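# Observations on the three-dimensional arrangement
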Amino acid sequence: MTELAEAAGVTVRTVRFYRERALLPPPRREGRIAWYNEHHLARLRTIGALLARGHTLGGITELLTAFEKGRDSHSAAELLGLEPALTTPFSEEVPVRLTPEELAAHYPGEVTPENLSDSIDLGYVAVDGDELVHTSRRLLDASAALVREGIPLADVLDGARRVRTQVEAIAAVFADVLSAHLLAEDRDPEDVAASVDHLRPYAKHIVDAELSMALDRRVRSRLDAWLAGHGENGEHGQNGQNGQNGTAG
């Protein structure tokens, strides 16, 4: 325990306190010897990062147990026995269970306590015992690809937070349209369920088409500006070289 506390930069008393509060999983025991590993160290660093960001110990406890509780919960609609089409999520994301080492392998050198804390705050990563659960295979692969291209994970997460704000606004538009035109008091629930099920993919198609066209406009303009500057630099370099050759001749 002493070595674990030193590696995490906390006191042995703090480690014991976290154990008593169930913030830290129990060690593996062999007789009277307790063995702690890198999973315990990662947990201590996560707790420290969350405390530094203003989270309370009670809030951290809820955060660390939220995934376990959420796995067994049922939505109010399911409990009320509403139609499956009304309870089927729009999201088709597949969660991924990872060890701390496997997560670190996706983002070499980038899994800092601060980045892990941000990922937890965004809801991308949850802690489940000694494992981590990423909410989406697609988001995991996409963010890892961005990091491999040289974009710091902190910037990827900051961009994700900004995208989240915009996407929430887009979702609100669809929710408003649905409420105004489908959720009338005199409509039969089965009829509403059929309409929602039918329109579900079209909402995604609209967003995908609009985003693709917006990326064409925005990214293309940045690329054109970069290429123009790149071309000018190349032209200046060529002219300078030609001038030097002419003087030498």
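Here's what I pulled together on the structure shown here. (Residues numbered from 1 in each chain as written. Predicted model: local features only at pLDDT ≥ 70, side-chain atom pairs only at ≥ 80, totals over all residues. Heavy atoms only, no water.)

## Section: the nonpolar core
So the rule is basically this: By nonpolar core we mean a set of buried residues, namely Ala, Val, Leu, Ile, Met, Phe, Trp, Tyr and Cys, connected to one another through side-chain atoms within 4.5 Å. Note on exposure labels: buried denotes an accessible area under 20% of the residue type's maximum, exposed denotes more than 50%, and partly exposed covers the range between, all computed with a 1.4 Å probe on protein chains only. Helix numbers and strand numbers start at the N terminus; a helix is a DSSP run of H or I with at least 4 residues, a strand a run of E with at least 2.
With 18 residues, the main nonpolar core has Leu 103, Tyr 107, Tyr 124, Val 125, Leu 140 and Leu 153 as its most contacted residues. Mapped by element, the contributors of at least two residues to this core are strand 3 (96–98), helix 8 (113–122), strand 4 (125–128), helix 9 (137–148) and helix 10 (153–181). Sort the elements by how many residues they give to this core and helix 10 lands first, with four residues. Membership of the second largest hydrophobic core comes to 12 residues, among which are Leu 4, Val 15, Leu 24 and Leu 50.

## Describing the sheet that holds strand 5 (residues 131–134)
This is how the line gets drawn: Two strands pair under a simple rule: DSSP has to find at least two bridges between them. Think of each axis as a best-fit line through the C-alpha atoms, taken over the contacting stretch in the case of a helix, with angles from 0 to 180 degrees between the N-to-C directions.
If you walk across this open sheet you meet the three strands as 3-5-4, and the pairing is antiparallel. Edge positions in the open sheet fall to strand 3 and strand 4, since each of these has one partner strand only. The sheet shows a mean angle of 30° between the axes of neighbouring strands, taken without regard to direction. In the sheet, strand 3 pairs with strand 5 via three bridges, with the strands oriented antiparallel. Pairing of Val 96 across the sheet is with His 134, part of strand 5.

## What to know about the side chain of Asn 115
Spelled out, the test is: We call two residues contacting when some pair of their heavy atoms lies within 4.5 Å.
Along the chain, the position of Asn 115 falls in helix 8. Here Asn 115 falls in the buried class, since its relative accessible area comes to 7%. If sequence neighbours within four positions are ignored, Asn 115 has contacts with Glu 110, Leu 153, Ala 154 and Leu 157.

## Concerning helix 10
What counts, and what does not: Helices are assigned an expected span. That span is 1.5 Å times one less than the residue count.
Between its terminal C-alpha atoms helix 10 stretches 41 Å, which fits the 42 Å expected from 29 residues at 1.5 Å a residue. Lining the buried residues of helix 10 we find helix 8 and helix 9.

## Focus: the packing of aromatic side chains
Rule in force here: Under the pairing criterion, centres of Phe, Tyr and Trp rings, with the six-membered ring standing for Trp, must be within 6.5 Å; the plane angle then separates stacked pairs below 30 degrees from edge-to-face pairs above 60, leaving the rest tilted.
Enumeration according to the criterion identifies one aromatic pair in this entry. Here the aromatic rings of Phe 17 and Tyr 18 are separated by 6.2 Å at their centres, their planes lie at 50°, and the arrangement is tilted. With a relative accessible area of 34%, Phe 17 lands in the partly exposed category.

## Observations concerning the side chain of Ser 195
Relative to the helices and strands, Ser 195 is located in helix 11 (residues 189–248). Sequence-distant contacts of Ser 195, that is, excluding residues within four places in its chain, are made with Leu 182 and Arg 187.

## Brief notes about the pairing of strand 4
Working note: regular strand, side chains alternate between the two faces of the sheet. With four bridges joining them, strand 4 and strand 5 adopt antiparallel strand pairing. Looking across to strand 5, one finds that Val 127 is bridged to Leu 132.

## Describing a nonpolar patch on the surface
The condition that has to hold: A patch consists of residues whose relative accessible area exceeds 30% and which take part in no salt bridge; residues with like charges are grouped when within 9 Å of each other, and nonpolar side chains (Val, Leu, Ile, Met, Phe, Trp, Tyr) when within 5 Å. Here the accessible surface of atoms and residues is derived via Shrake-Rupley with a 1.4 Å probe, and residues count as covered only by protein chains that are part of the display. Salt bridges are defined as contacts in which a side-chain nitrogen from Lys or Arg sits within 4 Å of a carboxyl oxygen from Asp or Glu.
A surface patch of nonpolar side chains, about 580 Å² in accessible area, is lined by Leu 211, Leu 215, Val 219, Leu 223, Trp 226 and Leu 227. Classification of Leu 215 as partly exposed rests on a relative accessible area of 45%.

## Concerning the environment of Arg 21
Looking at the element boundaries, Arg 21 is found in the loop between helix 2 (12–20) and strand 1 (28–30). Under the relative-accessibility criterion, Arg 21 is labelled partly exposed at 36%. Measuring from C-alpha to C-alpha, the distance between Arg 21 and Gly 58 comes to 9.3 Å, with 37 residues separating the pair along the chain. With near-sequence residues (within four places) excluded, Arg 21 lies in contact with Leu 57, Gly 58 and Thr 61.

## Examining helix 8
Side chains three or four residues apart in an α-helix point the same way, a direct result of the helix having 3.6 residues per turn. In terms of residue burial, helix 8 counts as a mostly covered element, since seven of its 10 residues are buried. Looking only at helix 8, the buried set comprises Asn 115, Leu 116, Ser 117, Asp 118, Ser 119, Ile 120 and Leu 122.

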